[in-house]
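# Architecture at a glance
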Amino acid sequence: MILNKLCELEDWQNLGLRDAIRVMSPHMVRAFPDYPDLKEHRKAWEYAQLFSGLQTLGALRADAVVLGVAAGHESPLYELTKHVRWVFATDIYGAGVFTGHESDATMLHNPDQFALDSYNRNRLVVQYMDARDLRFEPETFDIVYCLSSIEHFGGEPGARTALLEMQRVMKPGAVLMLTTECIVNGADPLSIENLELFSPEALTALLASVPQLKPIEEISFKISHKTLKHVIPLERAVNDGLAGHTEYPHIVLELSGRQFTSVSVFLRKAGESAAARDATLPLYEQADSRAAGTKQTLVSSHRSRRWAGHSRR
Ligand SMILES: C[S@@+](CC[C@H](N)C(=O)[O-])C[C@H]1O[C@@H](n2cnc3c(N)ncnc32)[C@H](O)[C@@H]1O
């Protein structure tokens, strides 16, 4: 299975991905037993691509700590609580243009209301947080993911700041999964208020600007003729959504001459995990090294406070 790729109609023939789509959309399965037949939607694809990609990479471990960035109340948050130790959901809940929709403020005090199925409610933590200023210690998370959101963080500079932050809070060896908008008809990138449409070149350059993050494979920007046969103007898709209607296949959209769809990218943070670094030491030094690291942090912060005091005099 290719993990770093554009969303294509043919992906709905992939049995593993179809299973993941059903797992991520239990409400659709209840309403339409044949789901996802004839209901190809790129949003469902993004969720499934995250889930099956993490499975493929062996990242869904029982002790894994996961961060969802700009997560709204998306279904993967809930499903992941059944597979990992902790899931932290962050977003600017109650602020920004998605208030009342994806980033509804009530998510902060009642996440149960958005659960589509049973989940482990003791493993989900929901926090207000700007993606460009993640309030976590460095090297905290085993998995970080961010679905259809970096294009809303304030152009390329905002997306880059958020990527640097995500990289900072990832453990070495941790996995980052992103989905975002990618232009598929060769047009130039588009940057308007609250939305960035990346060209393949612009996205590649953005990712390369955070060299600690390495794509797990080359991104395939190939898109099939069959996928491109059905293009929905963004305005029509938005109006349909407001009227409670969805046109399928809902894969390629168009705005200002740019045809675009979702791209998924899995990246790994370079470097060794603390456990792997420790394992290279002789056994008798391993515990000492951890203790020394802790002492070092305390001593140096104590020293820097004293140093700061001297400098003021
Ligand atoms: C299109 S929605 C996607 C939400 C969710 N990931 C999903 O797939 O349903 C974009 C999200 O980005 C969030 N967002 C926009 N700017 C943000 C920022 N600076 N920090 C954190 N979240 C932000 C919005 O509040 C919104 O929830």
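In what follows, the structure referred to is the one given above.
Residues numbered from 1 in each chain as written. Predicted model: local features only at pLDDT ≥ 70, side-chain atom pairs only at ≥ 80, totals over all residues.

### Looking at unusual backbone geometry
Note: most peptide bonds trans; most residues except glycine with negative phi. Residues Tyr35 and Pro36 are joined by a peptide bond in cis, for which omega reads 10 degrees. Summarising the element assignment, Pro36 is placed in the loop between helix H2 (26–31) and helix H3 (42–56). The residue after Tyr248, namely Pro249, is reached through a cis peptide bond having omega -10 degrees. Inspection of the secondary structure puts Pro249 in the loop between helix H8 (234–242) and strand E11 (252–255). With a phi angle near 55 degrees, Glu139 is a residue other than glycine that sits in the positive phi range. Along the chain, Glu139 turns up in the loop between strand E4 (124–128) and strand E5 (141–147). Look at Ser256: it is not a glycine, yet its phi comes out positive at around 50 degrees. Position of Ser256 among the secondary structure elements: in the loop between E11 and strand E12 (258–269). Residue classification places Ser256 among the exposed positions, given that 10 C-beta atoms sit within 10 Å. (Helix = DSSP H or I, 4+ residues; strand = E, 2+ residues; numbered from the N terminus. Buried ≥ 20, exposed ≤ 12 C-beta atoms within 10 Å, placed from the backbone.)

### A few points about the packing of helix H1 (residues 15–24) against H3
As a packed pair, H1 and H3 sit with axes 8 Å apart at the nearest point and diverge in direction by 110 degrees. The angle between the axes of H1 and H3 places the two elements in the roughly perpendicular class. Where H1 abuts H3, its residues Gly16, Leu17, Ala20, Ile21, Val23 and Met24 lie against Ala44, Tyr47, Ala48, Phe51 and Ser52. Its residues assigned to classes, the contact of H1 with H3 comprises nine nonpolar, two polar and no charged. (Axes fitted to C-alpha atoms, helices over the stretch in contact; angles between N-to-C directions. Parallel < 35°, antiparallel > 145°, perpendicular 65-115°, else oblique. Contact = placed C-beta atoms within 7 Å. Nonpolar A, V, L, I, M, F, W, Y, C, P; charged D, E, K, R; others polar.)

### Examining the site of the ligand
Of all residues adjacent to the ligand, which total 18 residues, the nearest are Ala70, Gly72, Glu102, Ser103 and Ala131. The residue makeup of the shell around the ligand, split by class, is seven nonpolar, six polar and five charged. (Near = placed C-beta within 6 Å.)

### Structural notes on H1
Along H1, the positions that sit buried rather than exposed are Leu17, Ala20, Ile21 and Met24. For H1, the angular spread of the buried residues around the axis is 105 degrees, confining them to a single face. In this structure, the buried residues of H1 make contact with H3 and helix H4 (75–80). (Arc of directions from axis to C-beta.)

### Notes on the nonpolar core
The biggest cluster of nonpolar side chains holds 72 residues, and the ones touching the most others in it are Ala48, Val66, Val69, Ile143, Val144, Met166 and Leu176. Looking at which element gives the most residues to this core, the answer is strand E6 (residues 170–183), with eight residues. Not counting residues up to four positions away in its chain, the partners in contact with Val144 are Leu67, Val69, Met166, Val169, Met170, Ala174 and Leu176. (Core = buried A, V, L, I, M, F, W, Y, C linked by C-beta atoms within 7 Å.)

### Considering the environment of Tyr35
The residue Tyr35 is located in the loop between H2 and H3 in this model. Distance in space between the C-alpha atoms of Tyr35 and Asp19 is 9.9 Å, their sequence separation being 16 residues. Each residue touching Tyr35, except ones within four places of it in the same chain, is listed here: Arg22, Ser25, Met28 and Val29.

Nothing here speaks to function; it is all geometry.
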